[in-house]
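# Close look at the chain arrangement
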Amino acid sequence: MNGLDKKIRFSNVATAIDLTPKAFRNWLQRYELNLLSDHKTRGWTEFTMGDVAVLAVTRELVRWGVGVEDANMMAYIVLSRKAELLLEYRNTPADALLAALQRTVFFLHSPGHTDGPFLVTEPQDEGFSESQHVTSLRVDAQKCVANAFAQIDSTIGTWIGRV
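Note that this is a predicted model, so its numbers are computed, not measured. (Residues numbered from 1 in each chain as written. Predicted model: local features only at pLDDT ≥ 70, side-chain atom pairs only at ≥ 80, totals over all residues. Heavy atoms only, no water.)

## Focus on the pattern of salt bridges
Heads up, the condition is: Within this document, salt bridges are pairs made up of a side-chain nitrogen of Lys or Arg and a carboxyl oxygen of Asp or Glu, the two lying within 4 Å of each other. Working definition: helices are DSSP H or I runs of at least four residues, strands are E runs of at least two. Numbering for both runs from the N terminus.
Enumeration according to the criterion identifies 2 salt bridges in this entry. One salt bridge in this structure joins Asp18 and Arg63, with 3.2 Å as the shortest N-O distance. Of the two residues, Asp18 sits in the loop between helix H1 (10-16) and helix H2 (21-30) while Arg63 sits in helix H3 (residues 49-63), which places them 45 residues apart along the sequence. Note that Glu60 and Arg63 form a salt bridge whose closest N and O atoms lie 2.8 Å from each other. Of this pair, Glu60 and Arg63 both sit in helix H3, 3 residues apart, which is roughly one turn of that helix. Salt bridges here are not isolated pairs; linked through shared partners, they connect Asp18, Glu60 and Arg63.

In structure tokens:
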């Protein structure tokens, strides 16, 4: 099956996003995560490739110190802005999602006050210069998603087109 509707088991997702099953279970139980599928089905926990994409970017942000819920919200926003229609259509090929995310880089900038970090999704349009902000975090969303998809492919051999 070559699409975002491919169901992927809990343990495969945890491995793909480089998170222990215990930590991933904790995320699902403690936090309100924005995912594309209803991951609880018939007693199994199943996810789509779209969920893996959102969770991979979430994990990258968490790795750099962003809270789980904030990271998930930002990941969902970035992926939805870049590939909203692809994510909504359940038969979108995973390689089409990767193509839509090509050159998708976003920044998280902490301006040094208590408002917390803010998301810069279109740096060229928003007048953001990485060199002007020492405290910015640069995230390559396409790379995060491609790495997670490759891990899924190596574990369960779903798909996956080569990028």
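From this point on, the discussion continues.
## Thoughts on the packing of aromatic side chains
The condition that has to hold: Aromatic pairs are defined between Phe, Tyr and Trp rings, using the six-membered ring for Trp, whenever the two ring centres lie within 6.5 Å; interplanar angles under 30 degrees are classed as stacked, those over 60 as edge-to-face, and all others as tilted. Exposed residues in this analysis have more than 50% of their type's maximum accessible area, buried residues have under 20%, and partly exposed residues fall in between, with area computed by a 1.4 Å probe over protein chains only.
By the definition in use, this model includes 2 aromatic pairs. Where Phe10 meets Phe24, the ring centres are 5.0 Å apart and the plane angle is 20°; that geometry is what we call stacked. In this pair, Phe10 is assigned in helix H1 and Phe24 in helix H2, connecting sequence segments 14 residues apart. As far as burial versus exposure is concerned, Phe10 and Phe24 are alike and both buried. Note on Phe24 and Phe47: the rings are 5.5 Å apart at their centroids and 45° apart in plane angle, and the pair reads as tilted. With a gap of 23 residues between them, Phe24 in helix H2 and Phe47 in strand E3 (residues 44-47) connect regions that are remote in the sequence. In this pair, the class of Phe24 matches that of Phe47, namely buried.

## Considering the side chain of Thr58
To be explicit about the condition: Residue contacts are defined here by distance: any two heavy atoms, one from each residue, within 4.5 Å place the two residues in contact.
With respect to the helices and strands, the residue Thr58 is situated in helix H3. Ignoring any residue separated from it by four or fewer positions in sequence, one finds Thr58 in contact with Trp27, Val68, Ala71, Asn72 and Ala75.

## Some points on the packing of H3 against helix H6 (residues 141-156)
Applicable threshold: Convention adopted: a line fitted to C-alpha atoms gives each axis, helices being fitted over their contacting stretch, and angles between N-to-C directions are expressed from 0 to 180 degrees. Between 65 and 115 degrees an angle is taken as roughly perpendicular, under 35 as roughly parallel, over 145 as roughly antiparallel, and anywhere else as oblique. By the definition used in this description, the sense in which the near helix is turned from the far one sets the handedness, with an anticlockwise turn below a right angle giving left-handed and a clockwise turn giving right-handed. Residue polarity follows a fixed list, in which Ala, Val, Leu, Ile, Met, Phe, Trp, Tyr, Cys and Pro are nonpolar, Asp, Glu, Lys and Arg are charged, and the others, Gly among them, are polar.
Between H3 and H6, the least distance of the axes is 8 Å, while the angle of their chain directions is 120°. Taken as axis vectors, H3 and H6 run oblique relative to one another. Classified by chirality, the crossing of H6 by H3 is right-handed. Contacts from Met49, Val52, Ala53, Ala56, Val57 and Glu60 in H3 reach Ala141, Cys144, Val145, Ala148, Phe149 and Ile152 in H6. Grouping the amino acids of the contact of H3 with H6 by side-chain chemistry returns 11 nonpolar, no polar and 1 charged.

## Here we look at the nonpolar core
Looking at soluble globular proteins, one finds that nonpolar side chains tend to be buried together. Short version of the rule: Each nonpolar core is a collection of buried residues, namely Ala, Val, Leu, Ile, Met, Phe, Trp, Tyr and Cys, held together in the definition by side-chain atoms within 4.5 Å.
Ranked by size, the top nonpolar core spans 45 residues in total, and within it Phe24, Trp27, Val52, Leu55, Val57, Leu61 and Phe149 carry the most contacts. Those elements giving two or more residues to this core turn out to be H1, H2, H3, helix H4 (68-88), helix H5 (94-100), strand E4 (105-109), strand E6 (136-140) and H6. If you tally residues by element for this core, the top one is H3, at 9 residues. Excluding anything up to four places from it in sequence, Leu55 contacts Val13, Ile17, Phe24, Trp27, Leu33, Leu35 and Phe47.

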